[in-house]
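# Examining the three-dimensional arrangement
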Amino acid sequence: MRAKPLLVLLTAALLLGCGHAEGPMPTPVITAPPPWARPGRTRGAVTASGEVVPAQEARLGFALAGQVEAVPVTVGDRVTVGQPLVRLRTAEMESGVLQARAQLEVARADLALVQASPVEVEITAAEAGVSSAEGQLAVAREGVESAQAAVERAEEQIALAQAGLAELTADPTEHELEIARHQIKRAENELWAAQARRDAVCGRVGRGATEADCDSAKAAVGSAYEAVQIAEQQLAQLEGGPTEAQLSRARAQVRIAQAQKAGAEAALVVVRAQIEPARAAVRQAEAQLAQVQRGASTKEIKVERARAAVSSAEAGVSQAQAALEGAVLKAPFDGTVTTLDVAVGEAATPGAPLLTLADLEHLRVETTDLSERDVAAVEVGQKAAIYVEALDKEVAGHVVRIADEASTIGGDVVYTVVIELDEEVPGLRWGMSVEVDIDTGE
């Protein structure tokens, strides 16, 4: 807090008087009171200590590594915004810029080449792709139909073969046997009738009948005899059942028909499996054609990729150029070089501060011990009186900022308040101690 000389002197005089009651009281020395103790002074509700700081201060360094080539400033130099402060060697960076520009030219040439390709060729190719895919699908469908028909034919052959086998292995019914017996009798009757006609015809040879008529009658007898033999064999077959050869042949026909069905079913599975890929190929070809027809053709995709490559190359040029420009550390504002920690030939580390730049033309005050109990009464815009102890001078100012976050000093919670001076003070320097009285209106 501010020293109050008058109050201190008076207090000291009283203490001296109390400690030496027996002797005469010395005459106190009266000195001129400081501004804070002058009569009529209206004291504010909040006081705090502070220090003088620049309006702007920055510890500057490079964002990239490199070797220092030049340091054109020294401590105490006054510089303006944009003025070079430190330069790095830039040979490699300049080469990087040239390489990035060459890559950009290549990307631009590729873009021009892609843009010059004809779209009609792609449309024709896409249409041909659709036709080819549809043809493959049609072939697959025909294969399915053919295989299905083969399966059905094989099933019919199996049914016929099984029916034939069943017929051979089935026992004859009495009705079938009776029919076979009747067929024998009919054949025998026809044989007897043929014999009677033969005897009659051959007996009249030369008397109305010829030898040819006799031979014909004899042939009729032979045919009738064969019919009797066949009828008897059929009856014998019905009564005796099929032979082993007949059964083997019938069973073989069943197995052959079943094998043919298995092969037809396997072929059907194969051709059915070709249907979905063929359909997918048609859909893909149609989508490609639609894409080309909408204008989003392969060419446009390639063009977009080429444009992206150009954008990437442009970004590479910008990045290389930025690195080259970043090799020069420039003043971000008007100010004075207050510290310089770098020399020519040294290596610069990214992020490491090399010098301090401060705006010493515009100074302000920051409080150092404003307590958390008092900060609640402080507001931006309030007037403040600043006492500079080193100059024994009072300056007017006003609050421009109040810290949102507290600091801790010696266990006390304090807040920094920034005060802008309303006038320039000759002799005022960075780091001078001050006492601040903020008029809170309370």
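That block above? That's the structure.
Residues numbered from 1 in each chain as written. Predicted model: local features only at pLDDT ≥ 70, side-chain atom pairs only at ≥ 80, totals over all residues. Heavy atoms only, no water.

In this section: the sheet that holds strand S3 (residues 66–70). Strands sit in the order S6-S5-S3-S8 across an open sheet of 4 strands; the sheet is antiparallel. With one partner strand each, in any of the chains shown, strand S6 (328–330) and strand S8 (347–348) form the two edges of the open sheet. The sheet contact formed by S3 and S8 spans 2 bridges and is antiparallel. Paired with Gln 67 across the two strands is Ala 347, which belongs to S8. (Pairing = 2+ DSSP bridges. Helix = DSSP H or I, 4+ residues; strand = E, 2+ residues; numbered from the N terminus.)

Compared with the 36 Å implied by 1.5 Å per residue over 25 residues, the 37 Å span of helix H2 (residues 91–115) between its first and last C-alpha is a close match. When we look at burial in H2, the residues that qualify are Met 93, Val 97, Ala 100, Leu 104, Ala 107, Leu 111 and Val 114. (Expected span 1.5 Å × (residues − 1). Buried < 20%, exposed > 50% of the residue type's maximum accessible area, 1.4 Å probe, protein only.)

The tally for this structure, following the rule as stated, stands at 12 salt bridges. Arg 279 is the partner of Glu 276 in a salt bridge, and the nearest nitrogen-oxygen pair spans 3.9 Å. Residue Glu 276 and its partner Arg 279 are both found in helix H7 (residues 275–294); the two are separated by 3 residues, about one turn of the helix. The exposure class assigned to Glu 276 is partly exposed, which follows from its relative accessible area of 41%. On the accessibility criterion, Arg 279 (35% relative accessible area) is partly exposed. What you see here is one network of salt bridges that share partners, running through Glu 105, Arg 108 and Glu 314. (Salt bridge = Lys/Arg side-chain N within 4 Å of Asp/Glu carboxyl O.)

Another aspect to go through is the state of the cysteines. According to the stated counting rule, one finds 1 disulfide in the structure shown. Note that Cys 202 is cross-linked by a disulfide to Cys 214, the S-S spacing being 1.8 Å. Disulfide Cys 202-Cys 214: torsion about the S-S bond near 95°, hence right-handed. Of this pair, Cys 202 sits in helix H4 (residues 174–202) while Cys 214 sits in helix H5 (residues 211–240); the two residues are 12 residues apart in sequence, bridging distant segments of the chain. Note on Cys 214: relative accessible area 4%, which makes it buried. (Disulfide = S-S within 2.5 Å.)

Residue position: Gln 56 is located in the loop between strand S1 (46–54) and strand S2 (57–60). Given the relative accessible area of 37%, Gln 56 is considered partly exposed. In this structure, the C-alpha to C-alpha distance between Gln 56 and Glu 361, residues 305 residues apart in sequence, is 9.7 Å. Sequence-distant contacts of Gln 56, that is, excluding residues within four places in its chain, are made with Phe 333, Leu 357, Ala 358 and Asp 359. (Contact = heavy atoms within 4.5 Å.)

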